[in-house]
Amino acid sequence: MSQNSDLTLHQQHVHEAHAHVGEHTHRDDVGSKMGMWLFLFTEVLLFGGMFILYASYRFMYSDAFKVAAEHLDTYVGAINTIILLASSCAVVLAIVSLQKKNKRLCLGFLWFTLACGAAFMVNKYFEWGHKIEIGIYPKGPALAEMSEGEVLFFGLYYVMTGLHGLHIIIGMIFIGVIMAMIQKNKITHDNFQKLENSGLYWHLVDVIWIFLFPLFYLIH
Amino acid sequence: MDSEKEKAIHEHESHSHEYGVYILVFFGLLALTAITVSIAGLNLGSLTLTVALVIATIKTCLVANYFMHVKFDSPIFKVFIAVCIVIFATMIGLTFFDLIFR
Amino acid sequence: MANGSIAVPAGREEVVDFYKHESKHKGIMSWLLTVDHKRIGLMYLVVMIGFFLTAMTLGFFMRLEMLTPGQTLMKPQTYNTLFTLHGVIMVFLFIIPGVPAVFGNFIMPIQIGAKDVIFPRLNLLSWYLYIFGGILALISIFTGAADTGWTFYVPYSIRTTTNVSLTVFAAFVLGFSSILTGLNFVTTIHRMRAPGMTFFKMPLFVWGIYATAWIQILATPVVGITLVLVILERTLGIGVFDPALGGDPILYQHLFWIYSHPAVYIMILPAMGVVSDIIATFSKKPIFGYTPIAMSSLAIALVGYLVWGHHMFTSGMSDTSRVIFSLLTFLVAIPTGVKVFNWVASLYRGSIEITAPMLYTLCFIFVFSIGGLTGLVLGTLNTDIHLTDTYFVVAHFHYVMFGGMGLLFFASLHYWFPKMFGRMYNEKIAKLACIIFVIGFNGLYFPMFIMGYLGMPRRYYDYLPEFQTYHVIATVSSWIMISGILLMLANLLRGLRHGSTAPENPWDATTLEWTVPSPPPMENFDEIPVVTKGPYDREGLKEASLKH
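Residues numbered from 1 in each chain as written. Chains lettered and ligands numbered in written order. Predicted model: local features only at pLDDT ≥ 70, side-chain atom pairs only at ≥ 80, totals over all residues. Heavy atoms only, no water.

1. Side note on the overall build of chain C
The cut-off we apply is this: Where helices and strands are cited, they refer to DSSP runs of H or I of at least four residues and of E of at least two residues respectively, numbered from the N terminus. For the radius of gyration, the atoms used are the C-alpha atoms, and the globule rule reads 2.2 Å times the number of residues raised to 0.38. We call two residues contacting when some pair of their heavy atoms lies within 4.5 Å. Computed with a 1.4 Å probe, the accessible areas rest on the Shrake-Rupley method; for each residue, only the protein chains presented here act as cover. This count recognises Lys and Arg as positive and Asp and Glu as negative, with His and chain-terminal groups excluded. All charge positions are set by atom: Lys at NZ, Arg at CZ, Asp at CG, Glu at CD.
Tallying secondary structure elements over chain C gives 18 helices and 0 strands in all. Its C-alpha atoms give chain C a radius of gyration of 23 Å, within 12% of the compact-globule value 24 Å for 548 residues. Projected onto its principal axes, the C-alpha coordinates of chain C cover approximately 75 × 45 × 45 Å. A fraction of 83% describes how many contacts in chain C between residues 6 or more apart in sequence connect residues 24 or more apart. Entry remark: accessible area of chain C is about 18,700 Å², with carbon and sulfur atoms responsible for 69%. Charge centroids of chain C, computed over 32 positive and 28 negative side chains, lie 4 Å from each other.

Written as structure tokens, this is what we have:
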């Protein structure tokens, strides 16, 4: 069964009525975007479950959370925030440049995005590495000394930033695949919904970090 | 119905923007990040969390509206997002009825 | 067949149905690699009946153990494992995906006049995730099966030495499959409706699927992450829920029921959509109160998010929230009542035809009313304190889940069987099986209400001698019920091989799936229909069916 048959007739009608849209519109860009958004909602609620936990435990142990947050480096968090914002901007600029048929610039922006993602992960690696070194990790010696609220803080810290990091990696893989498709002209100036969808995913990961940053690094 | 679909097909042409808008938004986001970091240094007591969340929400609106193109999308996407946010807010709200009064 | 089949007009082109359609893969691969929504729906059906029979067998042995007090057949640990797996398989592999995955896939796209769902490959991926999750659940049986019950409550699920992680992971994978199906359906319903089919011309089954799909998208991720946290807590010792590390086990219950209560509506909403379709068809008149029924589906989906706390009245939750959740729980009765009253009003002065699907549906209304009304007893705070974790709860949710979704799964199977397989089954045996089933069902679960009221706790492999009469009635009835199910399946299987050929529209139904041949051709419609009339509008029905 060919993928062409996915197309619905009403779209066919639209396409026939607007022949200038051309052959390549055997697809439903809005539908594809809608599907992506619905997927983003599931991601929002996936993290949402953990934000509920965070809110509850912060409510119960607000003082311990403040103490625990002292162990986090605001500068590393802020730098990572800037890195992600820049990468998000680059993705959206990549779409603009593709619309302007500037394939090289588009790929350049996406390379920049990948570099940002990698830089973020490197920062994260050193951040986690340092904590593990001084014994702040689940079942670690330093954590065992701490109060219950602090243990929960770091439990949530590891799970939430860890899952977020995992999403960065997945997003980078998506963007890498998209870049290959742009290179092979499978994604072009008039057929770039896939690029836009992975952009949406990347922005969502950015948005989640926008909340994680103040909630973990900026409690004083 | 059909005209709606038709609009959707042409949607891409309708929101092709210049680089400038996005770069402006980016600088706006940087400024908000700077504000949130510097405010966190002040002692605002119980307001700290509220301020941080308000700023994060503004940043999210910027990202969603411009980077994620929601501003230029058809209204149905805004309805979807509203549904998602309302449901999530309900979950947190009802959970807190337990925590606050326990 | 009950009513006249519509004669096939002469000179009609011979259509190749989707079974015979030549695809690029042959044999078994033409199924395993298919992206056709009808084939995927059937693959769900086959696997699902397998899982259903497995879980039914587990239930059979549980009932057998309860025949006499003390140890009858198995050790307590085995019994714990049995009720856990019975729950996990039935809930996650049969009840939740049942109607959406099988009939949502097969029927919904045809009902809205589409050639397929919008993301066919994603649809196939959902099926593989479903299979993967199912296999993991089965593997977990043989590798130290979980003994926590299907709710996986912490802290026990963190402490127990059984292999909870694998079972929990299976549930996570199944959740993902469910999310992708929901995402696919919402987008399909928004983007793929035939020209002229506005939202308020969609069949009510589609409305049910639509409301369900939203719950699948917005609720499932919450339980997904909760289950992942349980795994992380077990394997890495991360402090999240464990009270020893300061965690709050009640928060686990909140997160679990934030999903699992709406999941109840995932189970029942599409099934309620089926009721509307079947009642309209066999009363031979348009459904009464189309818009209220459609809106009540959305209302149930929405209110379903507000009531999860009624599973936690005795957990140590705050009094305020217990009162609030109890109050909100009663709200669910309103949209449900809207549905039931409209169904009854649709039957009023209709020329009712008691076919097998109709019989199953009417039995559903009876059984589900018992289930729904006993739900109010459990939703009331003070009575719930007395009845929590007793057989009353077990009886209630079996009446709602099995009597609700299960009966309607069978009803849908009988209703759409001719469309799906192009054959008829023996109507008399189907009705007989239904009657046997309903008698067995009530005999099995009704005594549990009484036992629960008298104080028989759930999930115990032993009981006091005074309960034995009830247990014996229940166990014997379980045999009757199972024979009803087996008779029904045998009848359908026989129909599959030896049944007479089904016409395009054997029931004189009005929705779009009955305007295509049985079984439908590969892409459902030669030409996408232009919809001008309501889904249950009987005007010009003959004409419409003759047009093909």
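2. Notes on the overall build of chain A
Selection criterion: Exposed residues in this analysis have more than 50% of their type's maximum accessible area, buried residues have under 20%, and partly exposed residues fall in between, with area computed by a 1.4 Å probe over protein chains only.
Scanning chain A for helices and strands turns up 8 helices and 0 strands. Reading chain A from its N end, one meets helices and strands in the order α-α-α-α-α-α-α-α. For chain A, the proportion of its 220 residues judged to be buried stands at 64%. A sequence separation of at least 24 residues applies to 80% of the contacts in chain A between residues at least 6 apart. By element, 65% of the accessible surface of chain A is carried by carbon and sulfur atoms, the whole surface being about 8,200 Å².

3. Notes on helix H3 (residues 76–95) of chain C
Note the cut-off: Helices are assigned an expected span. That span is 1.5 Å times one less than the residue count.
Between its first and last C-alpha atoms H3 of chain C spans 26 Å; for 20 residues at 1.5 Å apiece the expected length is 28 Å, and the two agree. Along H3 of chain C, 16 of the 20 residues are buried, which leaves the element largely enclosed by surrounding structure.

4. A short note on unusual backbone geometry
Backbone phi values are negative for most residues with the exception of glycine, while trans is the configuration of most peptide bonds. All names here are of chain C. Cis peptide bonds are those with omega within 30 degrees of zero, and the linkage from Val 154 to Pro 155 qualifies with -5°. Along the chain, Pro 155 turns up in the loop between helix H6 (120–142) and helix H7 (156–159). Here the amide bond leading from Ser 518 into Pro 519 is cis, since omega sits at -15°, within 30 degrees of zero. Among the secondary structure elements, Pro 519 is positioned in the loop between helix H17 (468–498) and helix H18 (541–546). Positive phi values are uncommon outside glycine, yet Lys 284 reaches one of about 55°. With respect to the element layout, Lys 284 can be found in the loop between helix H10 (249–283) and helix H11 (290–303). Phi angles above zero are rare outside glycine, and Arg 349 is one such case at about 60°. Residue class for Arg 349 comes out exposed when judged on its relative accessible area of 73%.

5. A word on the interface of chain C and chain A
For clarity, the cut-off: By definition, the buried area sums, over both parts, the 1.4 Å-probe accessible area that each loses when the two are put together. The working definition used for a salt bridge is a side-chain nitrogen of Lys or Arg within 4 Å of a carboxyl oxygen of Asp or Glu. Polar contact is defined as a pair of N or O atoms within 3.5 Å, subject to the rule that within protein one atom must be able to donate a hydrogen and the other to accept it, and that residues adjacent in sequence are counted only when both atoms are side-chain atoms. Under the grouping applied here, Gly and all other residues not named as nonpolar or charged are polar, the nonpolar ones being Ala, Val, Leu, Ile, Met, Phe, Trp, Tyr, Cys and Pro and the charged ones Asp, Glu, Lys and Arg.
Opposite the 47 residues of chain C that make contact, chain A presents 38 residues. When the area that chain C buries against chain A is broken down by residue, the three leading residues are Arg 191, Ile 225 and Leu 251 of chain C, summing to 16%. Seen at the junction of chain C and chain A, the total is 1 salt bridge. The residue Arg 191 of chain C makes a salt bridge to Asp 28 of chain A at a minimum N-O spacing of 3.0 Å. On inspection of chain C and its partner chain A, the count reaches 4 residue pairs in polar contact (both at pLDDT 80 or more). Looking at the side of chain C that touches chain A, the elements with two or more residues in it are H6, helix H8 (164–191), helix H9 (204–236) and H10 of chain C. A total of 10 residues in the side of chain C that touches chain A trace back to one element, the largest contributor, which is H9 of chain C. Here the side of chain C that touches chain A is composed, by residue class, of 30 nonpolar, 8 polar and 9 charged.

6. Concerning a nonpolar patch on the surface
The following threshold applies: A patch is a set of surface residues, each over 30% in relative accessible area and not in a salt bridge, joined within 9 Å for like charges and within 5 Å for the nonpolar side chains Val, Leu, Ile, Met, Phe, Trp and Tyr.
On the surface, a nonpolar cluster with roughly 450 Å² of combined accessible area is contributed by Phe 59 and Met 60 of chain A together with Phe 97, Ile 100 and Phe 101 of chain B. Only helix H2 (29–60) of chain A together with helix H5 (75–101) of chain B provide two or more residues apiece to the nonpolar patch. The element contributing the most residues to the nonpolar patch is H5 of chain B, with 3 residues. As for its position among the elements, Phe 97 of chain B is in helix H5.

7. Regarding empty space enclosed by the protein
Residue and element names in this part refer to chain C. Convention followed: A cavity here means a set of points on a 1 Å grid, drawn over the protein atoms and nothing else, where a 1.4 Å probe fits but cannot get out; a pocket is an open set with protein on both sides within 12 Å along at least five of seven lines, and a residue lines either one if it has an atom within 4 Å of a point. Grid points are joined across faces, edges and corners, and a volume is the space filled by probe spheres set on the points.
With the rule as written, the count across this model stands at 4 cavities of 30 Å³ or more. Roughly 140 Å³ of internal volume is contained in the largest cavity. Along the wall of the largest cavity there are 16 residues; nearest its centre are Ile 96, Pro 97, Leu 174, Ser 177 and Ser 178. Those elements giving two or more residues to the lining of the largest cavity turn out to be helix H4 (98–106), H8 and H9. Among the elements that line the lining of the largest cavity, the one with the most residues is H8, at 6 residues.

8. Re the packing of aromatic side chains
Where we set the bar: Here a Phe, Tyr or Trp ring, Trp counted by its six-membered ring, pairs with any other such ring whose centre lies within 6.5 Å, and the pair is stacked when the planes are under 30 degrees apart, edge-to-face when over 60, and tilted otherwise. Consider the ring centre and the ring normal. A charge sits over the ring if Lys NZ or Arg CZ is within 6 Å of that centre and within 35 degrees of that normal.
Under the definition given, this model contains 71 aromatic pairs over all chains. Ring centres 5.7 Å apart and planes at 35° place the aromatic pair Phe 103 of chain C and Trp 416 of chain C in the tilted group. Here Phe 103 of chain C is found in helix H4, whereas its partner Trp 416 of chain C is found in helix H15 (residues 391–421), with 313 residues between them in sequence. The burial state of Phe 103 of chain C is the same as that of Trp 416 of chain C; both residues are buried. Here the basic side chain of Lys 33 of chain A rests over the ring of Phe 77 of chain B, its NZ or CZ set 5.7 Å away from the ring centre.

9. A closer look at the packing of helix H5 (residues 103–133) of chain A against helix H7 (residues 148–183) of chain A
Residues and elements named next belong to chain A. Stated formally: Inter-axis angles, ranging from 0 to 180 degrees, are taken between N-to-C directions of lines fitted to C-alpha atoms, where helices are fitted over the stretch in contact. By the definition adopted for this analysis, an angle is roughly parallel if under 35 degrees, roughly antiparallel if over 145, roughly perpendicular if from 65 to 115, and oblique otherwise. Handedness of a crossing is defined here by the sense of rotation of the near helix relative to the far one, left-handed for an anticlockwise turn of less than a right angle and right-handed for a clockwise turn.
Taken N-terminus to C-terminus, the directions of H5 and H7 make an angle of 155°; their axes are 10 Å apart at the nearest point. Classified by the angle between their axes, H5 and H7 sit roughly antiparallel to one another. The handedness of the crossing between H5 and H7 comes out as left-handed. In terms of residue class, the contact of H5 with H7 is built from 19 nonpolar, 7 polar and 4 charged.

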